[in-house]
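# Report on the structure
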Amino acid sequence: MVPVQDGPNTDRLLVPPQESSATGTGSSRRGPRQGSPARRLGMTRRQKDRKDFKEPEDPEERARRHKEQELKPLYKELLYTIKYKLGKPTSNTPYSDTQLQQYIKEAFGMTDTEHESLREKVGNAEKPVYCLKVTVKEAKGILGKDVSGFSDPYCLLTIMLKDQEAKSSSIPSKPQKAVVKDSAKLSKVFQTDIKKQTLNPVWDQTFKLVFEDITSSNFHMEMWDKDEEVSLVQKFDEFRTNLHSLKRMIKDAKKEKGTDDFLGSIVLNLQDLHCTEDRWHILQPQTDTYPDRGQCHMQFKFIHKERDETLSAGRSAYVNYSGILQQFVQAHISKQQDSSPWKGELCGEGTTLLEHYAAQNDISHFLQDLAKWVAYSKLYQSLEVDSTVLFKQITSIEYHWDQQELPYQQKQELGDSLHDFLQYGLCLVSKYRDIFPPKSTPRLHTLLRVMVQICKTRAFQKLNPAQFDLHDEVIDAVVNGTEEWFNIKKGLHQPMTKDLLETVSALSLLIREVQEDIRLSKDVWNRVFASAVQLDVFTVVYQKLDSLLAEELRNTLSQLENNMDQSLANSLFPVYLSLQAIHKDKAYLQKRGKVLQLTSFHEDFREALPYWLNKAFTTTSERVEKAVHVDQLQPLQTGSVPVKHSSSAVDIAACLQPICQLWEQLSWPDSEEGFMLMVKLTEDMCKIASTYCRLLKARVKELSDNSDPGSAANMLCVVVNDLEHLRSVLNRLPQQLNWAGLRERTRNVIGETQFQNTLPSQLQHTQALLNREIRAAVDTLGKKMHTDIETFVRRMATRHRLPSRSTEDAVEPLMRYLEEELKYMNENLVQENFNSLLTALWTNSVKILHQVSQKEDSSVVYFQRLQFTLQCLEQCFHAEGNGLPLEMLHTDEYKTLQSLLMLNSMSYQQLIEKFFERKIWEQKVCHGEKYGAVTLIVSYTRSEEKLHVEVLNAIKLIPLDSNGSSDPFVQLSLEPKHVFPQVEPRYTKIKNCDLNPLFEESFEFPVTLEQCQSAGACLLVTVLDHDTLRSDDFEGEAFLSLKAVPGVAGGGAPNPTPAQIRLPLLHPKPNSEATLKLLEARKGDREAQAFVKLRRQRERKSQEASNNEGTTK
């Protein structure tokens, strides 16, 4: 049944009653659910674009006419459908005629009177002719009846009354196969084509079988294998080629020639069929020989072959179906309680009626989907419809496009509908900011996907041959919509007066709107457009807003020329920051070929820049002055960690931070101007720091005048901490201001010397000022302690005359004083300043001890007490690593004092040992033989406790006699004497007139190993010139450490190998030994004086020998 087209009626039926006289592209509808403002906005725009737009007529008259002309014909069609419905509905819930009539009565808004009147008219209408439309599609797995193993199947179809079936089966001889072939009239039997040699035939043929009563009729289908008469030669050929078919051939020979074989049958009660049905049916056998006979795929539809067409004034069934569909949808949506989008569902009554109407009028699935698409797409323009509904219809249309040819008018309708929806979608896209806010982006995404899907369909490409690039169309829509949005926002923020401050304020508000829109485009909408249509909407929007904003900025700032003042500059700063943020977003642009108009926007703010800097400096200075004025110079007590500086130190750090933030906010693009800007900012911060220092000094003086000394000292500690805190803040400035990055930017325009002479020098000058002030304050704190420490040290030093008081007791008052004072300072000073105070106190303490140690006629106990005091001070100031580090304590002055005190604290024996240790060291480092040398062979036997010494020779001796020669001999003695009291010196023989004498004499010294390993233990070798009439002359001396002798050193072998040693001879230098001076100062020690006397005598003899050498020469 091909539907007849009615032209304009189609559009009118698809429009809600309120808009039937206007356009069909979109409207609002009656009912509790109202269209969204965005829908009405798009609808209004499209209405105004129509040239034939007219003012709407009276609503009541329009509704009455719509009901008479449109709704009542459709209502009669539905009553007719209910009265003559055939088959079961697809839904599982059956509905009675009364239920269905009640549903349409509510859906169409009919009164009881109208309903009864229309029902009476339908009752008098002409009855339809019932027809079962059968499509035999295919079969599979049927029997092979031919010798080849295949069949030549065809089907016979008919509808038989049940009493006819009973008559045909009255002879009970055996089951009857040819029920259709033998019983039905040939005029009522329909036959498919014969498919040759197959077990899976495909027919896809449609037949319309008329019947009168659905309750007394059955559908019959029989499948037969066509047999034709074949010659004997052909049968013989088949037999030769297929021996397995011998049995089949014998059976064929028995039956009559040309008799078809039965393959199976299907019998269905018409009452059991649905109004539309499409499924596989099992072929039933008549005997049990071959029970599995395969399946057949058939489609059934109950249609009205002839139907009273006066009910709807001759409109086509397709148009009526579209109108009924839209009315049902509107009725269903009006009953919805929530405002969620409609998802395409209808109630069971509506679905059942649409199904029956489409089946009775033989409306194809393609036309049904077309009607749904047209209705739903137009409904989308007035109500919230879930886009999946549109997806489903577009997919169905694409599926049916190649399977069925649409009539011309339906093609035109489909093409117009697709094009109109795209145009409406583009209208919505242009207004996406208002229609699809950030929380509604899924709806925008689905709309774009529907538009993309439409453009991909073959229907759209066929019906719209004109070039339509959705990507370009979306770009144009976004660009136009962005400009329209910008102009609307511009109008909203238009200043009411010509006041310049209001003008700047309006510009600032507009830029904030643009900034937020760019943010949303980047973070929200760009993902939607990129995912749906592969469009970088952020780039499109950014470039358009860049040009619009640049023009607006130039127009506004041109009004401010020569009118700049502090208030205008202050109002322009938020504008600059917003533009800065917008400009930074250019990093996210995908296409950067186009030059942005806001690239050099900072140039328009040069006139305001000095005002911004002045505002920052003035505000910060005022805040610092106020902070110092209210500061009571008390440490802050906040949190578990003590804070040792006062409130003003915290405030100045907070005050300087905004200036650093100002530099970051400005981010001045021009490198050379940026450098000058940094110089100015650094200069301002240094001025503020100097001002703070000056104000703080005045404040502590003011508060200290009326305070006790303890409180004044405490406040002075806080001031020192405040200055230290400020210095730490200034030290972080190069990093906070990123001087390194600025240096890289300005490397090509600012020389290294110029850079260093400006920024670092400014900061260094201010830091030097702070250092001086900190040192002065620390010195003030340390002055009293310096005096007290000196008093304690001098008082302690005099106590050596009190033998009853120990050294520890003498030092205790000083250490107790330091412990109390340093604890107080540590609690009130930050670590840096506390360390500075410790350093000054340590230096002063070492100086005092050094002065006290210079006192003459001091005993060993005196120096031991001083040495103990130095050790205690070192421990106090080091404080187990918590105070000054050892490398700071061990200064040159300290090392000198320590050496002095250590030597003076020793006994005379220890000093003598030190003397010989010094001599042994001199011997080791001496490499020349100015005074000659002596050669020895030495060893020590531990078992015998004997030291073996063999004097081999002496060489290069100096001539001491008048004849130019000498009479040498060697004296061997073990030193120090207090270590070897029982060992007497040994002498070699005298070698007359010989400057290179050969002695070869051996000596043994009975000494213990412990004696040999004592401090300073050595073999003193003295070479003398024998004189008969006066004392012997001094040739030289050598010192051999006993620790280096084989047998003493090493592992102590039983028989150590003697070592031959050559020792250069030395001469003592007069008054060069500090230990001798110390020993000489100990007048009360006879042993010390005796040792000094011997060494002084040797010094004189050494001097005489030098004089004699010169005389001899």
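Residues numbered from 1 in each chain as written. Predicted model: local features only at pLDDT ≥ 70, side-chain atom pairs only at ≥ 80, totals over all residues. Heavy atoms only, no water.

### Side note on the environment of H786
The condition that has to hold: By the criteria applied, helices consist of DSSP H or I runs no shorter than four residues and strands consist of E runs no shorter than two, each listed in order from the N terminus. Here, two residues are considered to be in contact whenever any of their heavy atoms come within 4.5 Å of each other.
Relative to the assigned elements, H786 resides in helix α28 (residues 752–797). When the C-alpha positions of H786 and I848 are compared, they lie 9.2 Å apart, and in sequence the two are 62 residues distant. Not counting the four nearest positions on each side in its chain, H786 is found in contact with A840, L841, N844 and I848.

### With respect to the sheet that holds strand β2 (residues 153–161)
This is how the line gets drawn: The rule for pairing is simple: two strands pair if DSSP sees at least two bridges between them.
In spatial order, the strands read β3-β2-β5-β6; together these 4 strands make up an open sheet with antiparallel pairing. Every interior strand has two partners, whereas the edge strands, β3 (190–191) and β6 (261–269), have only one. Two elements, strand β5 (residues 217–225) and β6, share 8 bridges in a ladder whose sense is antiparallel. Considered in β6, the bridge of D225 is made with D261.

### Side note on the nonpolar core
Taken as a class, soluble globular proteins show a tendency for nonpolar side chains to be buried jointly. Just so we agree on the cut-off: Only buried residues count toward a nonpolar core. Its members are Ala, Val, Leu, Ile, Met, Phe, Trp, Tyr and Cys residues joined through side-chain atoms within 4.5 Å. Only protein chains enter the accessibility calculation, which uses a 1.4 Å probe. A residue is then buried if its area is under 20% of the maximum for its type, exposed if over 50%, and partly exposed in between.
Counting residues in each nonpolar core, the largest one holds 242 residues, and the members touching the most others are F219, F328 and F529. It is helix α24 (residues 671–704) that contributes the most residues to this core, 15 residues altogether. When near neighbours in sequence (up to four residues on either side) are disregarded, F328 contacts L78, Y103, I104, A107, F108, L346, G350, L353 and L354. Grouped together as the second largest cluster of nonpolar side chains are 36 residues, V938, I958, C1012 and V1048 included.

### Considering helix α11 (residues 348–360)
We count it as follows: Helix span, as expected, comes to 1.5 Å for every residue beyond the first.
With 13 residues, α11 should cover 18 Å at 1.5 Å per step; its first-to-last C-alpha distance of 18 Å lies within 8% of that length. In terms of burial, α11 is largely enclosed, as 10 of its 13 residues are buried. Among all positions of α11, only G350, T352, L353, L354, E355, H356, Y357, A358, A359 and Q360 are buried. Considering only its buried residues, α11 is in contact with α3 (59–83), α4 (97–108), β7 (276–282), β8 (295–306), α10 (317–334) and α12 (365–379).

### Here we look at unusual backbone geometry
Cis geometry marks the peptide bond from E975 to P976, where omega comes out at -5 degrees. Among the secondary structure elements, P976 is positioned in the loop between β11 (968–975) and β12 (986–987). The phi dihedral of N738 is positive, around 55 degrees, even though this residue is not glycine. Within the element layout of this structure, N738 appears in the loop between α26 (733–736) and α27 (739–745). Located in the positive-phi region is A879, a residue other than glycine, with phi close to 55 degrees. Following the sequence through the fold, A879 ends up in the loop between α31 (860–878) and α32 (886–889).

### Regarding the pattern of salt bridges
Our working rule: Salt bridges are identified by distance alone: a Lys or Arg side-chain nitrogen within 4 Å of an Asp or Glu carboxyl oxygen.
With the rule as written, the count across this model stands at 45 salt bridges. The salt bridge involving K919 is made with E922; its shortest N-O contact spans 3.6 Å. Of this pair, K919 and E922 both sit in helix α34 (residues 908–925), separated by 3 residues, roughly a single helical turn. Taking the relative accessible area as the measure of exposure, E922 reaches 23% and is therefore partly exposed. Taken together, the shared-partner salt bridges in this structure form one network comprising E516, R519, K522 and D523.

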